[in-house]
Amino acid sequence: MDIQTIVLLAAVASLVVVLVVVLMRRDGGSREAEQRMQQQLALALSQQAETVQRVEKSLREQEQALGKVVAERLDRTEKATGQIVTDLRERLVRIDEAQKKIGELSTQVVSLQEVLSNKQARGAFGEVQLNDLVQSALPPSAYDFQVTLSTGVRADCLLKLPNPPGSIAIDAKFPLESYSQLRAVPAGDGAALLAAQRSFQQAIRKHIADIRSKYIVPGETAESALMFLPSEAVYGELHANFTGLVEESYRARVWIVSPTTMMATLNTVRAVLKDVRMREQAGEIQKMVGLILGDVKRLDDRVDNLKKHFAQTEKDLREIDTSTTAITRRGERILAVDLGEEPAALPPKV
């Protein structure tokens, strides 16, 4: 029972008492009046007790319903809170994993920058990338790495192709410093841009000249060589803004390739090697066909000899048949001679 209900019942009880007092005073305090007041008071108290019971019952029912609703809402809230906490933990785990990966990537980027800042390490980086591309595209018999030519220079890779065109030398170059200077020029600084472009052209032109003089050896290699740039960005910059330099490389018979175009070139080399193997196999097949034709001719001769044997056998059989026929006829004539006796019956012909 709440406070408001208790206050209300107290007020009702006070009002009843006041009424009783008033009525007693009005009746002059007679016994009959007192008895009537007692009866009325008892009736009022009984009615009040019933009212209180009904109010208490209603309050208990409301309290139970409210408790049930509150329990259901608390249960739903607890489940929702648990799911939110679970989702939050999963997201925190993913965020932690992502942070670890970002940290590892940052370490790798720093390591890559350290590698690329050193010329020797940068050259090794290009050679490793070149080796991976060649090994993934060609069979081991089609290439060699770090081959020393007759001139004493060492090529990063030598593609072993038949003549023509012959073996093709590949050298990895990575002009990162001049390219980085070119990319670092502030916008609108024409003088700095011109100087950076000149430096980049000089670096590429020197690489072309070195490859032309070192890796194109008459009688030993093909009439051209490949310069491998292990960076698509450098390759794109070269073909987008330095087309004249690319044409110079064509005239020097030095073909500049990036990882993507290198893979296309290697696929072409693989097709050439496959065609060579097919030609070699075709010659072997022709040789085997010639041998088979010889065997067929000998078989035909032997069949002819067998036919001759069969013909001779057939002739012998006909002659034997002729001889047996003649012998039979002579025997019949002998039996046909009249000697006064019944001729003996000839045995049946088989």
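Note: the structure precedes this text.
Conventions adopted
Residues numbered from 1 in each chain as written. Predicted model: local features only at pLDDT ≥ 70, side-chain atom pairs only at ≥ 80, totals over all residues. Heavy atoms only, no water. Axes fitted to C-alpha atoms, helices over the stretch in contact; angles between N-to-C directions. Helix = DSSP H or I, 4+ residues; strand = E, 2+ residues; numbered from the N terminus. Parallel < 35°, antiparallel > 145°, perpendicular 65-115°, else oblique. Left-handed = near helix turned anticlockwise from the far one by under 90°. Contact = heavy atoms within 4.5 Å. Nonpolar A, V, L, I, M, F, W, Y, C, P; charged D, E, K, R; others polar. Pairing = 2+ DSSP bridges. Salt bridge = Lys/Arg side-chain N within 4 Å of Asp/Glu carboxyl O. Buried < 20%, exposed > 50% of the residue type's maximum accessible area, 1.4 Å probe, protein only. Core = buried A, V, L, I, M, F, W, Y, C linked by side-chain atoms within 4.5 Å. Lys, Arg positive; Asp, Glu negative; His and termini not counted. Polar contact = N/O pair within 3.5 Å; in protein donor to acceptor, adjacent residues only side chain to side chain.

Student: Would you mind showing me how to read the packing of helix α4 (residues 176-183) against helix α5 (residues 190-214) here?
Tutor: For any two helices packed against each other, one specifies the crossing angle of their axes together with the interaxial distance. Where α4 meets α5, the axes come as close as 9 Å, and the angle between the chain directions of the two elements is 160 degrees. Taken together, the axis directions place α4 and α5 in an arrangement best described as roughly antiparallel. You can see that α4 and α5 cross each other, and the crossing is left-handed. Taken together, the residues of α5 that come into contact with α4 (itself represented by S178, Y179, Q181 and L182) are L193, A196, Q197, S199, F200 and A203. Within the contact of α4 with α5, the residues separate by chemical class into six nonpolar, four polar and no charged.

Student: Looking at this structure, I do not really get the sheet that holds strand β5 (residues 254-257). What am I missing?
Tutor: Strand-to-strand pairing in sheets goes through backbone hydrogen bonds, with the strands running parallel or antiparallel. Sheet architecture is open: five strands sit in the order β1-β2-β3-β4-β5, paired in mixed fashion. The strands lining the two open edges of the sheet, one partner per strand, are β1 (143-148) and β5. The sheet shows a mean angle of 30 degrees between the axes of neighbouring strands, direction not considered. Bridge count for strand β3 (residues 168-172) against strand β4 (residues 225-228) is three bridges, and the pairing is parallel. In the strand pairing of β4, I170 is matched with L226. This element, helix α8 (residues 259-335), spans β2 (154-159), β3, β4 and β5 of the sheet and lies at about 150 degrees to β4.

Student: Please clarify how the pattern of salt bridges should be interpreted in this entry.
Tutor: Think of it this way: side chains of opposite charge can pair up when their charged atoms draw near. According to the stated counting rule, one finds eight salt bridges in the structure shown. The salt bridge involving E248 is made with R205; its shortest N-O contact spans 3.0 Å. You can see E248 sitting in helix α7 (residues 243-251) and its partner R205 sitting in helix α5, a full 43 residues away along the chain. With a shortest N-O distance of 3.4 Å, R318 and E314 are connected by a salt bridge.

Student: Would you take a moment to explain the side chain of S258 for this structure?
Tutor: Summarising the element assignment, S258 is placed in the loop between β5 and α8. Residue S258 is classed as buried on the basis of its relative accessible area, which comes to 0%. Residues contacting S258, with those up to four places away along its chain left out, are F228, L229, E232 and Y235.

Student: What is the right way to read the packing of α5 against α7 from this model?
Tutor: Put simply, α5 and α7 touch, their axes get as near as 10 Å, and they point 10 degrees apart. If you check the angle between α5 and α7, you find them roughly parallel. Facing Q201, I204, R205 and I208 of α5, the residues of α7 in contact are L245, E248 and S249.

Student: Would you mind showing me how to read unusual backbone geometry here?
Tutor: As a rule of thumb, non-glycine residues mostly have phi less than zero, and peptide bonds are mostly trans rather than cis. Despite not being glycine, Q146 shows a phi value in the positive range, around 50 degrees. Despite not being glycine, R253 shows a phi value in the positive range, around 60 degrees. Along the polypeptide, R253 turns up in the loop between α7 and β5.

Student: So what exactly am I meant to see when it comes to the pairing of β1 here?
Tutor: Side-chain direction in a regular strand flips from residue to residue, so the side chains alternate between the two faces of the sheet. Pairing between β1 and β2: five bridges, direction antiparallel. Residue pairing for β2: D144 is matched across the bridge by L158.

Student: Which parts of the structure should I look at to understand the nonpolar core?
Tutor: Counting 30 residues, the largest nonpolar core has F200, M227 and L238 as its most contacted members. Sorting the residues of this core by element identifies β2, α4, α5, β4, α6 (232-241), α7 and β5 as the ones contributing at least two each. Take this core: its biggest share by element is five residues, from α5. Those residues within four positions of L238 in sequence are excluded, and the remaining contacts are F200, I204, L229, T243, L245, V246 and I256.

Student: How do you make sense of the pairing of β4 when you look at a structure like this?
Tutor: Both faces of β4 are covered, namely the face carrying A225 and M227 and the face carrying L226 and F228. Pairing of β4 with β5 involves four bridges; the strand directions are parallel. Across the sheet, L226 pairs through a bridge with W255, a residue of β5.

Student: Explain the side chain of D156 to me, please; I cannot follow it from the model alone.
Tutor: With respect to the element layout, D156 can be found in strand β2. The buried charged residue D156 lacks any salt bridge partner; its closest oppositely charged side chain belongs to K173, at an N-O distance of 6.7 Å. Here the side chain of D156 touches A172 through a polar contact of 2.8 Å, landing on its backbone nitrogen. Leaving out residues up to four positions away in the same chain, D156 has contacts with E127, L130, D144, F145, Q146, I170, D171 and A172.

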